[in-house]
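These are the residues of each chain, in order.
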Amino acid sequence: MEKEKLNIQRQSYSTFSPMAGNEQKQPLLNGSEENENKRSEKPYNNNEQTEVDIMTQVPENPHATSDAATMMHLLKGNIGTGLLSLPLAIQHAGIIFGPVLLLLMAIICVHCMRLLVKCSKHFCRQEGVPFMDYSTVMKMAARHSPIVKLQQHENAAGTLVNIFLMITQLGFCCVYFVFMAQNIRQVVIQYFPNSTPGDRIFMAMLFVPIALLSFIRHLKILAWFSFLANIATLVSLAIILRYVVEDLPAFNTRPYIANASTIPMFFGTAIYAFEGIGVILPIENEMRNPSHFPGILYSGMSVVSFLYISLGIIGYLKYGDTICGSITLNLPGADPLYQSVKIMFSFVIGATYAIQFYVPMQIVWRYLKRTYRPSKELCWQLVLRTTFVFLTCLLAIAIPNLGDYIALIGAFSSSFLALIFPPIIHILTFYSPASNEIGEPLIYDENNKRSKKMSKLTMIKDLVIMIIGLVGFLAGTIVAIQNIIKDLGTDDDSDKCSGGAGGITTTAPYYNVTTPAWHGNQTTSFSTPGFV
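This write-up is about the structure you can find in this document. Not measured: the values here are computed from a predicted model.

1. Observations concerning the packing of aromatic side chains
Following the criterion strictly, the structure yields 14 aromatic pairs and no others. Judged by centre distance (5.6 Å) and plane angle (85°), the rings of phenylalanine 177 and tyrosine 353 are edge-to-face. In this pair, phenylalanine 177 is assigned in helix α9 (residues 154-191) and tyrosine 353 in helix α15 (residues 336-368), connecting sequence segments 176 residues apart. Plain terms: the ring middles of tyrosine 353 and phenylalanine 357 are 5.5 Å apart, the flat faces sit at 20° to each other, and that makes the pair stacked. You can see tyrosine 353 and its partner phenylalanine 357 sitting in helix α15, four residues apart, about one turn around the helix. Per residue, the accessibility class of tyrosine 353 equals that of phenylalanine 357, and both read buried. Here a set of aromatic residues connected by ring pairs shows up, and it is made of Phe164, Phe412, Phe416, Phe421 and Phe473. The ring of phenylalanine 430 has lysine 118 lying over it, and the distance from NZ or CZ to the ring centre is 4.9 Å. Arginine 254 extends its terminal NZ or CZ atom over the ring of tyrosine 316, reaching a point 5.9 Å from the ring centre.

Quick look at the structure:
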């Protein structure tokens, strides 16, 4: 590799937060100021067992978030429409097999999040920068990979991640418009049954408040919305659980294991639920104490996984084959208590929109800000944000069956971001034990303070995760495309779970079929309703 390539553009890696007043980018080493001065006087020694802690000298960020605020963002970034659609996911896999698969997917997704953060910190330590975004981590992995051809296309590797991030995050934002419109309309129609407009009108009405919310450019300010949204989520979930736990049928009234043909639908819905992979690095990058992030990640995602599995099981037990794309749409429409749940969750999804919207805006603005004068930067940022909110609103209004496209996004781009890219980055980062051309060890073991080659067991584990992601991607994408083709050829606007006209759904529609399911000691048939 050329010498110039190793002179990294360190100042450009700060995607999610400015590095004000930090013109000198030195390796971030742990220790006192006196020790730091001594270290800087002598060349770096590969064999010296230096304790490295990149977190101790991160430049002060006036917008840095506390541990509590970080937890709020983590919960909010992972608790959205996906949580409310998990009863439908359990239906696709079975009342016993579904939770087992969901727990397995939770473990894998959280592990992939940790791999991504680990690789990010490895390259941050190596390049002397405080943080990197997802695409930069992929770019660095390609640059230092043992594959020469891949090294020559490092920029393409980073761009590929940005494309998937844009598709995924903006796809989530589209479905949020649909969710809010349907739930709000179900409340309004109780009071104005003869004059309530359709879903699309409600989506258009939501454009202004969502656009104003998108003008918030720092996660520290959004922390207040996350805090209020998390309170609303807890209250709403408590009310939902209070209702659905009443008069629950026995487990044997639901199929233990669903037909194998519906498993791809489970994968698409479940991987869509774990929607936080794109905001993991931005949230961690904005922390005041990033070294605390692993503990926050594991504790926060444990709470998220418990909610996913609990609501999925109870919701499917309660409603069976009549379950809607969002369990809120199954709640009694005339009861003011459950109307408040729909309103509160609409507020929660609005706050989630702002957090998910944060990532694509940073990606786009990084490329566009060079073309505008600093004095006009704020104005053009607001114009860009308004344009993208309008685009997501327009897509939600224009596409008659948005669930088809969201299923495609979940199976296609979410599977790559959550299950395929992280193990690839991990393998490329830690496969070779060789040193790079500036004498720094490519592999660094934080525990043993020395270079270490990736074990065969770790390699096999990463490859298995990649295969799971690829299988889910192929099967889920094929099913989603089939549904899109089928729905484009029909004019049927009926949908018992829709909040209004147009047959718009918040999750992937599926066919009217009768499939065998296993109930423990017997095989019976159950009908799968079609939302088309």
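There's more to say after this.
2. Considerations on helix α14 (residues 293-319)
If you check α14, its first and last C-alpha atoms are 38 Å apart, about what 27 residues at 1.5 Å a residue would give, namely 39 Å. A large share of α14 lies buried, amounting to 19 of its 27 residues.

3. Describing the packing of helix α3 (residues 67-78) against α15
Their axes nearest at 9 Å, the elements α3 and α15 cross at an angle of 105°. Relative to α15, α3 is oriented roughly perpendicular. Here His73, Lys76 and Gly77 of α3 come into contact with α15, specifically with Val348, Ala351, Thr352, Ile355 and Gln356. Classifying every residue of the contact of α3 with α15 gives three nonpolar, four polar and one charged.

4. Considerations on the pattern of salt bridges
For the structure shown, the criterion picks out three salt bridges. For the salt bridge of arginine 143 with glutamate 154, the shortest nitrogen-to-oxygen distance reads 2.3 Å. Here glutamate 154 lies in helix α9 and arginine 143 lies in helix α7 (residues 134-143), a separation of eleven residues in the sequence. An identical accessibility class is assigned to arginine 143 and glutamate 154; each is buried. The shortest N-O distance in the salt bridge between lysine 461 and aspartate 462 comes to 2.8 Å.

5. As for the packing of α15 against helix α16 (residues 377-398)
Two numbers describe how α15 lies on α16: the axes approach to 11 Å, and their chain directions differ by 125°. By the angle between their axes, α15 is oblique relative to α16. For the pair α15 and α16, the sense of crossing is right-handed. Every residue of α16 that contacts α15 at Tyr353, Phe357, Met361, Gln362, Val364, Trp365 and Leu368 is listed here: Glu377, Trp380, Gln381, Leu384, Arg385, Phe388, Val389 and Thr392.

6. A few points about the environment of alanine 351
Here alanine 351 is to be found in helix α15. In this view, alanine 351 contacts Lys76, Leu213, Phe225 and Ala229; residues no more than four positions away in its chain are not counted.

7. Observations regarding the environment of threonine 233
Of note, threonine 233 is situated in helix α11 (residues 219-244). With a relative accessible area of 2%, threonine 233 lands in the buried category. Sequence separation between threonine 233 and lysine 76 is 157 residues; the distance between their C-alpha atoms is 9.0 Å. Excluding residues within four positions of it along the chain, threonine 233 makes contact with Ile79, Phe345 and Val348.

8. Digging into helix α5 (residues 86-93)
Buried residues dominate α5, accounting for eight of its eight residues. Every buried residue belonging to α5 is among Leu86, Pro87, Leu88, Ala89, Ile90, Gln91, His92 and Ala93, and all of these are buried. Directly after α5, the chain includes glycine 94, whose backbone phi takes a positive value near 115°.

9. What about the nonpolar core?
By size, the foremost hydrophobic cluster in this structure holds 131 residues, and its most contacted members are Leu102, Tyr134 and Ile240. Residue contributions to this core peak at 16 residues, all from α9. Setting aside its immediate chain neighbours within four residues, leucine 102 contacts Leu86, Ile90, Phe266, Ala270, Phe274, Tyr308 and Ile309.

Rules of the game
- Residues numbered from 1 in each chain as written.
- Predicted model: local features only at pLDDT ≥ 70, side-chain atom pairs only at ≥ 80, totals over all residues.
- Heavy atoms only, no water.
- Phe/Tyr/Trp six-rings, centres within 6.5 Å; stacked < 30°, edge-to-face > 60°.
- Helix = DSSP H or I, 4+ residues; strand = E, 2+ residues; numbered from the N terminus.
- Buried < 20%, exposed > 50% of the residue type's maximum accessible area, 1.4 Å probe, protein only.
- Lys NZ or Arg CZ within 6 Å of the ring centre and 35° of its normal.
- Expected span 1.5 Å × (residues − 1).
- Axes fitted to C-alpha atoms, helices over the stretch in contact; angles between N-to-C directions.
- Parallel < 35°, antiparallel > 145°, perpendicular 65-115°, else oblique.
- Contact = heavy atoms within 4.5 Å.
- Nonpolar A, V, L, I, M, F, W, Y, C, P; charged D, E, K, R; others polar.
- Salt bridge = Lys/Arg side-chain N within 4 Å of Asp/Glu carboxyl O.
- Left-handed = near helix turned anticlockwise from the far one by under 90°.
- Core = buried A, V, L, I, M, F, W, Y, C linked by side-chain atoms within 4.5 Å.

On their own, these measurements won't tell you what the molecule is for.
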